Amino acid sequence: MSHLLKFFSSEIGIDLGTAWTLVYQKNRGIVLRIPSVVAYDIEKKEVIAIGEEAKMMYGKTPEGIVAVRPIRDGVIENLELVQEFLYRIIRKISKFISPILVVGVPAGANEVERKAVIDAGIGAGAREVFLVPEPIASAIGIGLDISKPKGHMVVDIGGGTSEIAIISLNQIAHQNSIKIAGDEMDESIIEYIRRKYNTNIGYLTAEEIKVKIGNAYPSENEEYVEISGWDMIQHRPKTIKISSSEVREALNSPINQIISAISRLLEDAKADLVRDVLENGIYLTGGGSLIRGLDLRIQEELNIKVHRVDYPLETVVRGIGKIVDNLNKFKPLLSKSRKILKSK
Ligand SMILES: Nc1ncnc2c1ncn2[C@@H]1O[C@H](COP(=O)(O)OP(=O)(O)OP(=O)(O)O)[C@@H](O)[C@H]1O
Ligand SMILES: [Mg+2]
């Protein structure tokens, strides 16, 4: 039986993010990129949709149906929903009965959180589940050679968390993770507009403003977006024109918190590794890193060179992909993660 399983098995890598889930299939590349959202019927206890279709229902569901993100701050919040989410993903991309999964987990995930990922994978039909710390996957995805005794710093600003890590000799030497990232930036924009204009806007609008004119460093051309929201004093709809300087002001607090977290990690890290980071610079990745001028801002405040990477939304899954393609070579890297055979 186990021979047969091996024959039918395929290898799949998954970056289970708070905002986006990306899937890599061995020898095929990235095969899926969907919002990490599940819509389900509360009474029937049935999943109705996942991904894009479910995200469109976000905040617009009729009674009895909810659309939720089952992953919060990078870790599983609702095991059953994540299991169903993974099950549908596996079915979508592979007819094979029982894949091997390689899944990224936050560097700071505890035993319970790591076990939840394994349980969800096995429950979704995987034969084995390997875990890889996301900063390691990111560094491999960026193309850094992390096998040498040299410190590399990767800062991954995602939706739920910003993960900051110094990696050397294929391991995480120091890490710091804060729950301030893209989502928190959206919150800050909502809060700013509520305070300044007495107007309520939703999450999707805030994210749109951030993506269009979000910035962290002053620039000569001022840009604007027009948005409509609900005026809480006049009790009617209102259109406001928001400028890029205003958005920068709104984003100040989350961005400063991210910069403080980087500087705290450098203070706590071993001096020789810090020296390597000062030499090599900081690698900035994750969707949240796409804020314009964020590299310049960090560079100026910490006086360290900051590199942007080519595919910030994909570095984790690209790294996981390299691991999936060379599972035997990378197994020692995954040795700290638990491998559970279904038959056990
Ligand atoms: N051009 C852009 N400018 C600013 N922010 C962006 C841009 N594109 C995407 N984002 C933000 O990036 C975040 C998603 O990034 P990413 O896909 O790396 O997160 P994730 O891996 O799902 O989350 P996490 O790593 O925290 O679990 C969202 O908050 C999104 O709004
Ligand atoms: Mg991520």
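Here is what the cut-offs are and how they apply
- Residues numbered from 1 in each chain as written.
- Chains lettered and ligands numbered in written order.
- Predicted model: local features only at pLDDT ≥ 70, side-chain atom pairs only at ≥ 80, totals over all residues.
- Heavy atoms only, no water.
- Helix = DSSP H or I, 4+ residues; strand = E, 2+ residues; numbered from the N terminus.
- Rg over C-alpha atoms; globule rule 2.2 N^0.38 Å.
- Buried < 20%, exposed > 50% of the residue type's maximum accessible area, 1.4 Å probe, protein only.
- Contact = heavy atoms within 4.5 Å.
- Pairing = 2+ DSSP bridges.
- Axes fitted to C-alpha atoms, helices over the stretch in contact; angles between N-to-C directions.
- pLDDT = per-residue confidence, 0-100.
- Core = buried A, V, L, I, M, F, W, Y, C linked by side-chain atoms within 4.5 Å.

A.B. asks: With reference to specific residues and values, describe the overall build of the protein.
C.D. replies: What the protein contains, in helices and strands, is 12 helices and 18 strands. Relative to the compact-globule value of 20 Å for 344 residues, the protein shows a C-alpha radius of gyration of 21 Å, a close match. Each principal axis of the C-alpha distribution contributes one length, and for the protein these read about 70 × 55 × 30 Å. Buried positions account for 52% of the 344 residues belonging to the protein. Sequence separation of at least 24 residues holds for 63% of the intrachain contacts in the protein that already meet a minimum separation of 6.

A.B. asks: Account for the pairing of strand β11 (residues 152-157), naming residues and giving values.
C.D. replies: Looking along a regular strand, one sees the side chains alternate between the two faces of the sheet. Within β11, six of the six residues are buried, which leaves it mostly tucked inside the rest of the structure. Of the two faces of β11, the one holding His152, Val154 and Asp156 and the one holding Met153, Val155 and Ile157 are both buried throughout. Here β11 folds back onto strand β12 (residues 162-168), and the loop between the two strands holds four residues. Bridging between β11 and strand β17 (residues 282-285) involves four bridges; their strand directions are parallel. Residue pairing across strands places Asp156 opposite Thr285, the latter belonging to β17.

A.B. asks: I'd love a proper account of the sheet that holds strand β18 (residues 306-308), names of residues and values included.
C.D. replies: Across the sheet, which stays open at both edges, the five strands sit in the order β13-β12-β11-β17-β18 with mixed pairing between neighbours. The open sheet has two edge strands, β13 (171-178) and β18, and neither has a second partner. With direction set aside, neighbouring strand axes in the sheet form an average angle of 20°. Note that β12 and β13 share seven bridges and pair antiparallel. Bridging across to β13, Ile164 finds its partner in Asn176. Against the sheet, helix α5 (residues 134-142) makes contact with β11, β12, β13 and β17, and its axis sits at roughly 70° relative to β12, the strand it touches most.

A.B. asks: Just give me the short version of unusual backbone geometry, but keep the residues and values in it.
C.D. replies: The phi torsion at Asn27 lies on the positive side, around 65°, for a residue other than glycine. Residue position: Asn27 is located in the loop between β2 (20-25) and β3 (29-35). One non-glycine residue with positive phi stands out, namely Asp73, at about 50°. One can find Asp73 in the loop between β7 (71-72) and β8 (75-76).

A.B. asks: An account of the confidence of the model for the protein is needed here, citing residue identities and associated values.
C.D. replies: When pLDDT is averaged along the protein, the result is 91; 94% of the residues meet or exceed 70. The model gives residues 335-344 a pLDDT under 50, and that stretch makes 22 contacts with residues more than four places away or in other chains.

A.B. asks: Account for the nonpolar core, with residues named and values stated.
C.D. replies: Counting 45 residues, the largest nonpolar core has Met153, Ile189, Ile193, Ile209, Ile262, Ile282 and Ile298 as the members making the most contacts within it. For this core, the leading source of residues is helix α8 (residues 244-268), giving 10 residues. In this view, Ile262 contacts Met153, Val155, Ile164, Ile282, Ile298 and Leu302; residues no more than four positions away in its chain are not counted. In this structure, Ile14, Leu86, Ala109 and Ile122 belong to the second largest nonpolar core, which totals 32 residues.

A.B. asks: Mind laying out the environment of Gly288, listing which residues take part and the relevant values?
C.D. replies: Mapped onto the elements, Gly288 comes out in the loop between β17 and α10 (294-302). On a C-alpha basis, the gap between Gly288 and Gly160 in space is 9.6 Å, while along the polypeptide they are 128 residues apart.

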